[in-house]
Amino acid sequence: MNKQIKQTDLEMIQGDITKAQVDAIVNAANSELIGGGGVDGAIRRAGGDAIEGACAEIRRREGGCPTGKAVITPGGNLHAKYVIHTVGPVWEGGNSGEAELLASCYKESLRLAVENNIQSIAFPSISTGIYGYPTEQAAVVALTAVKELVLQSNTVPATIQFILFDEATHACYVDALLTVF
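Residues numbered from 1 in each chain as written. Predicted model: local features only at pLDDT ≥ 70, side-chain atom pairs only at ≥ 80, totals over all residues. Heavy atoms only, no water.

1. Concerning the environment of leucine 102
Here comes step 1: Counting through the fold element by element, leucine 102 comes out in helix H3 (residues 98–115).
Here comes step 2: Through-space distance from the C-alpha of leucine 102 to that of asparagine 117 is 23 Å; in sequence the pair is 15 residues apart. (Helix = DSSP H or I, 4+ residues; strand = E, 2+ residues; numbered from the N terminus.)

So this is what it looks like as structure tokens:
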């Protein structure tokens, strides 16, 4: 399902984010920027050593990446030129600032995209895997954050995709798209 807001195309796609034909893909990383499972593991396997080397340099220089923030590395063997690594919150029931931290992941990733002249970006569903964030709630937070940023800014990527691995997650994001927009 697709939607346009201002001059930005917003797309919901079921598929494999590592195969995205975009300038940058977003990785649901951990704060140590050390390879994990899920989206992070898939991106690192597909992208190769360049991503791990760049993450090691960020760890050495900055100690990692705090929850709600984002860092950028080369895309290595991916089609995407860049990978933006963002650290989503662990779900603790919804009363520990999780929504604000999750929204920050999307906003910080888009900020880095603008700073690096990225015209197309693909997001996964951040924090809904092992971090346990309920997908329906995460989808609303994600799309609301993107909508707010696009409406507030004159400079955003021309294409923003949400590439969602399974049918159930894709359905949650399509439902949220209809709710938020």
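2. Description of helix H1 (residues 38–47)
Here comes step 1: Here H1 has its buried residues at Asp40, Gly41, Ile43, Arg44 and Gly47. All buried residues of H1 lie within an arc of 165 degrees about the axis, which places them on one face of the element. In H1, the exposed positions angled more than 90 degrees off the buried face are occupied by Gly38 and Arg45.
Here comes step 2: Of the surrounding secondary structure, the elements contacted by the buried residues of H1 are strand E3 (24–29), helix H2 (49–62) and strand E5 (82–87). (Buried < 20%, exposed > 50% of the residue type's maximum accessible area, 1.4 Å probe, protein only. Arc of directions from axis to C-beta. Contact = heavy atoms within 4.5 Å.)

3. Quick look at unusual backbone geometry
Of all residues except glycine, most have a negative phi; of all peptide bonds, most are trans.
Here comes step 1: The backbone phi angle of leucine 33 is positive, close to 55 degrees, even though this residue is not glycine.
Here comes step 2: Examined against the element boundaries, leucine 33 turns out to sit in the loop between E3 and H1.
Here comes step 3: Despite not being glycine, serine 127 has its phi angle at roughly 75 degrees, a positive value.
Here comes step 4: Topologically, serine 127 is positioned in the loop between strand E6 (120–123) and helix H4 (135–152).
Here comes step 5: Residue serine 127 is classed as buried on the basis of its relative accessible area, which comes to 5%.

4. Observations regarding the side chain of asparagine 30
Here comes step 1: Mapped onto the elements of the fold, asparagine 30 is located in the loop between E3 and H1.
Here comes step 2: Only 2.6 Å separates the side chain of asparagine 30 from the backbone oxygen of isoleucine 34, close enough to count as a polar contact. (Polar contact = N/O pair within 3.5 Å; in protein donor to acceptor, adjacent residues only side chain to side chain.)

5. Digging into the environment of isoleucine 51
Here comes step 1: For isoleucine 51, the location among the structural elements is in helix H2.
Here comes step 2: Taking the relative accessible area as the measure of exposure, isoleucine 51 reaches 0% and is therefore buried.
Here comes step 3: For the pair formed by isoleucine 51 and methionine 1, sequence separation is 50 residues and the distance between their alpha carbons is 31 Å.
Here comes step 4: Residues in contact with isoleucine 51, not counting those within four places in the same chain, are Ile43, Arg44, Thr73, Pro74, Gly75, Gly76, Leu78, Val83 and His85.

6. Notes on the packing of aromatic side chains
Here comes step 1: Enumeration according to the criterion identifies 5 aromatic pairs in this entry.
Here comes step 2: Each ring, one from tyrosine 106 and one from phenylalanine 123, has its centre 4.9 Å from the other, and the planes form 50 degrees; the classification is tilted. Of this pair, tyrosine 106 sits in helix H3 while phenylalanine 123 sits in strand E6, and the two are 17 residues apart along the sequence. Here the two residues tyrosine 106 and phenylalanine 123 agree in accessibility, since each one is buried.
Here comes step 3: Ring geometry for tyrosine 106 versus phenylalanine 162: centroids 5.9 Å apart, planes at 35 degrees, classification tilted. (Phe/Tyr/Trp six-rings, centres within 6.5 Å; stacked < 30°, edge-to-face > 60°.)

7. What about the pattern of salt bridges?
Here comes step 1: Here the structure, examined in full by the defined rule, presents 10 salt bridges.
Here comes step 2: The shortest N-O distance in the salt bridge between arginine 59 and glutamate 52 comes to 3.0 Å.
Here comes step 3: Take glutamate 52: its relative accessible area is 30%, and that puts it in the partly exposed class.
Here comes step 4: Residues participating in the shared-partner salt-bridge network are Asp40, Arg44, Glu52 and Arg59. (Salt bridge = Lys/Arg side-chain N within 4 Å of Asp/Glu carboxyl O.)

The values are spatial; any link to function lies outside them.
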